[in-house]
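Here are the chains, one letter per residue:
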Amino acid sequence: MKWFQLVIRTIIVLFLQIAIFNHLPLFNLCHPYIYILLLICLPIMPRYAEMLVGFALGVIMDCVCSSAGIHTMACVAISYIRPIILSRKVQEIERVTGEVVAGSIGNATFALSSIWLTLIHHLIVFSLDTWSWAHWYWVVLQVIISGSITLACVYVYGFLLRRS
Amino acid sequence: MRNLLRFIQQNGNFLLFLLLEAVAFLWLVNEQKYQQSTFLSSSNTVIASVNSALSDMNEYFHLSSVNESLSAENARLRRQVDELQNIVEREQERDSVYLYAHLQWQYIPAKVVDMETSSQHNYLVLNKGERDGVGVGQGVMSSDGIVGVVGAVNQYYAQVVPIIHPKMRLSCRLQSSSQAGFLQWTGPSAHYAYLTDIGRHISVEKGDSVMTSGLTNLFPENIPIGVIEDVSIKEGDTYYTLLVRLTTDFGRLRYVQIVTNPLKSEQDNVRTAS
């Protein structure tokens, strides 16, 4: 049953990403990748499994966005880093059951780890996409604007929708 | 051997991380090789049909502005038809070869179903494919100006490399002096590109129009590309740095025309024969 819910949630989030968030018309600056909330809130699994989930999600996004490996690199990176960030804050992380949201790991930990993971993901995606240091200000601007919108969506999901 | 196994056992996660990142990185650096493969991109039939459905939905929100531009284009075209009809009638009496030469360009109307114009990997996906006579290397234009060149095609959809892509180099010329150069885009803005290869001995004015040169067999001559927005030249440089404001507004692009050239193979034959 839990797996079934996870799959449905993944489909809904990917649909929202592709249908709405990929086409936000805001001065070409705003590219929130809200689909990473699937990785940020992913239930605790063995690390290799988390990385494979990240890899699969990245490949799907790369096919949709024609971005050839950029999302895959960013997703694998945050899947690898997430257990490191969480295990520093939460004692006995293996005991956490279900999704990693505010309710299960604590408000402050969830808020902080989401910021780090969103920042790392967006930084990798936008700098690989720009592929030159000449436009670093553009990368920083995009990370800040798109990252804050992504973070807002992650918080809405992690704090409000999953309160129960 | 045992040490090696123990090393793999202890660092398995890190090694898997490196392996997956390496796979993704290879995909990224070999992007050009796979650009032709429609399977791994957004012109993939499954993804493109999803995007097509979404674009149908989206279209309702743009109806009024699209209508406006279509009616403007209609009016302009009707005026052109009238003018051309007059010319054809006059010429027909004089010269029957004239008509044949003007059969060179044909246009396939298409709709943009998916688009990315704010990164370095910009692309467009159109709802016409091999089935409709679209092929790799054909030009794409809109009512405002040049859009790009078809980069990949499958049966139902075509993916376009726009002029706002770093790998694109389009032959064009200045309207006032007829001097030919190349249009190049370095980003990040989708509204501006650079015109290169214009020597300093030529006088260039702000506001001069940039047109297609007709030197390639992709586009007819004199299709607008942009307007010179800024003229600068560094001390000791042989060539100008010319900033061009593009006439095509990629953000609002909905309908385009694919330019086909039935005489292209004839033209290529002559080139290889000589």
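You'll find the structure just up there.
Residues numbered from 1 in each chain as written. Chains lettered and ligands numbered in written order. Predicted model: local features only at pLDDT ≥ 70, side-chain atom pairs only at ≥ 80, totals over all residues.

Q: Just give me the short version of the overall build of chain A, but keep the residues and values in it.
A: Summing up its helical and strand segments, chain A has seven helices and zero strands in all. From first element to last, N terminus to C terminus, chain A shows the α and β order α-α-α-α-α-α-α. Taken over 164 residues, chain A has a buried fraction of 41%. Across chain A, the fraction of contacts at a sequence separation of at least 24, relative to all contacts at a separation of at least 6, is 66%. (Helix = DSSP H or I, 4+ residues; strand = E, 2+ residues; numbered from the N terminus. Buried ≥ 20, exposed ≤ 12 C-beta atoms within 10 Å, placed from the backbone. Contact = placed C-beta atoms within 7 Å.)

Q: Lay out the interface of chain A and chain B in plain terms, naming residues and giving numbers.
A: With 26 residues of chain A at the interface, the matching set in chain B holds 29 residues. It is helix H3 (residues 47-65) of chain A that contributes the most residues to the side of chain A that touches chain B, eight residues altogether. Grouping the constituent residues of the side of chain A that touches chain B by class yields 16 nonpolar, eight polar and two charged. (Nonpolar A, V, L, I, M, F, W, Y, C, P; charged D, E, K, R; others polar.)

Q: Tell me about the nonpolar core, and please be specific about residues and values.
A: Core analysis: the biggest nonpolar cluster contains 92 residues, and Tyr35(A), Ile36(A), Leu37(A), Val76(A), Leu126(B), Val140(B) and Val160(B) have the highest contact counts within it. For Leu126(B), the residues in contact, after removing those within four places along its chain, are Ala110(B), Lys111(B), Val112(B), Val113(B), Tyr157(B), Ala158(B), Val160(B) and Val256(B). (Core = buried A, V, L, I, M, F, W, Y, C linked by C-beta atoms within 7 Å.)

Q: Could you give me a rundown of the sheet that holds strand S10 (residues 224-232) of chain B, with the residues and numbers involved?
A: Residues and elements named next belong to chain B. Spatial ordering of the closed barrel is given by S6-S7-S8-S11-S10-S9, a layout of six strands whose pairing is antiparallel. Geometrically, the sheet is characterised by an average inter-axis angle of 45 degrees between neighbouring strands, direction not taken into account. Alignment of strand S7 (residues 180-184) against strand S8 (residues 192-196), held across three bridges, turns out to be antiparallel. Each residue of the ladder has a partner; that of Leu 183, found in S8, is Leu 195. (Pairing = 2+ DSSP bridges. Axes fitted to C-alpha atoms, helices over the stretch in contact; angles between N-to-C directions.)

Q: With reference to specific residues and values, describe the packing of H3(A) against helix H2 (residues 12-29) of chain B.
A: Angle between the axes and distance between the axes: these two values describe a pair of packed helices. Running from amino to carboxyl end, H3(A) crosses H2(B) at an angle of 10 degrees, the nearest separation of the two axes being 10 Å. By the criterion of interaxial angle, the relationship of H3(A) to H2(B) is roughly parallel. Of the residues in H2(B), those touching H3(A) at Arg47(A), Tyr48(A), Met51(A), Phe55(A) and Gly58(A) are Gly12(B), Asn13(B), Leu16(B), Phe17(B), Leu20(B) and Ala24(B). Taken together, the residues of the contact of H3(A) with H2(B) break down into seven nonpolar, three polar and one charged. (Parallel < 35°, antiparallel > 145°, perpendicular 65-115°, else oblique.)

Q: Which residues make up helix H7 (residues 136-161) of chain A, and what values do they have?
A: Note: α-helices contain 3.6 residues per turn, so residues at a spacing of three or four share the same orientation. All names here are of chain A. Here H7 contains 26 residues, and its C-alpha end-to-end distance of 36 Å stays within 8% of the 38 Å for a straight helix at 1.5 Å per residue. Along H7, the residues classified as buried are Val 139, Gln 142, Val 143, Ser 146, Gly 147, Thr 150, Leu 151, Cys 153, Val 154, Tyr 157 and Gly 158. Buried positions along H7 lie against helix H2 (37-40), helix H5 (102-105) and helix H6 (107-130). (Expected span 1.5 Å × (residues − 1).)

Q: Break down H2(B) for me, with residues and values.
A: In a regular helix each residue adds 1.5 Å, so 18 residues correspond to 26 Å; H2(B) covers 26 Å between its end C-alpha atoms and thus fits that length. Among all positions in H2(B), only Phe17(B), Leu20(B), Ala24(B) and Trp27(B) are buried. With its buried residues spanning 90 degrees around the axis, H2(B) presents them on a single face. Turned more than 90 degrees away from the buried face of H2(B), the exposed residues are Gly12(B), Phe14(B), Ala22(B), Leu26(B) and Val29(B). Contacts from the buried residues of H2(B) go to H3 and helix H4 (70-89) of chain A. (Arc of directions from axis to C-beta.)

Q: Outline the pairing of strand S1 (residues 106-116) of chain B, listing residues and values.
A: Residue and element names in this part refer to chain B. Bridge analysis of S1 against strand S12 (residues 255-260) gives six bridges, and the strand direction is antiparallel. Looking at S12, one finds that Ala 110 is bridged to Val 256. Two elements, S1 and strand S2 (residues 123-126), share four bridges in a ladder whose sense is antiparallel. In the strand pairing of S2, Glu 116 is matched with Tyr 123.

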